[in-house]
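Descriptive analysis of the structure
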Amino acid sequence: MRFYSKTRESDFSPTRKESFQSIVDELEAWEATEGSVRIETASQHYVDRPNIPHQHDKPDDVGVAAYFRREGEAAAEEFAVSCDRGESQR
């Protein structure tokens, strides 16, 4: 994504951590139960940040799936959002 200003062009390049945290934040805005979001990828994830894949992993499969429960839904009801297209997991 590119942002243009009157004086110069600049790139918007979020870090991998910011990219994956934004998924969690967005799903919680969609009324996902806090703490229920689980992101799965082919990469290894940090133990202390299980929804963030290691920054140096470059898996062949760049797909990302986010699983979550919604407030007010049955506890066994789980939803998913996925993306299987892209050049990287960022």
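Right above here is the structure, for reference.
Below: a short report on this structure.

Conventions and cut-offs
Residues numbered from 1 in each chain as written. Predicted model: local features only at pLDDT ≥ 70, side-chain atom pairs only at ≥ 80, totals over all residues. Heavy atoms only, no water. Helix = DSSP H or I, 4+ residues; strand = E, 2+ residues; numbered from the N terminus. Buried < 20%, exposed > 50% of the residue type's maximum accessible area, 1.4 Å probe, protein only. Contact = heavy atoms within 4.5 Å. Areas by Shrake-Rupley, 256 points an atom, 1.4 Å probe, with all protein chains shown as cover. Polar contact = N/O pair within 3.5 Å; in protein donor to acceptor, adjacent residues only side chain to side chain.

**A short note on the overall build of the protein**
- Looking only at helices and strands, one finds one helix and five strands in the protein.
- The buried share of the protein, reckoned over its 90 residues, is 24%.
- Partitioning the intrachain contacts of the protein with sequence separation of at least 6 by distance along the chain shows that 49% fall at a separation of at least 24.
- Entry remark: accessible area of the protein is about 7,000 Å², with carbon and sulfur atoms responsible for 47%.

**Regarding the environment of Tyr46**
- Here Tyr46 shows up in the loop between strand 3 (38-40) and strand 4 (64-68).
- A relative accessible area of 22% means that Tyr46 is categorised as partly exposed.
- For Tyr46, the residues in contact, after removing those within four places along its chain, are Ile52, Pro53, His54 and Gln55.
- Within the structure, Tyr46 has its side chain in polar contact with the backbone nitrogen of Gln55 (distance 3.4 Å).

Honestly, it's all geometry; don't read function into it.
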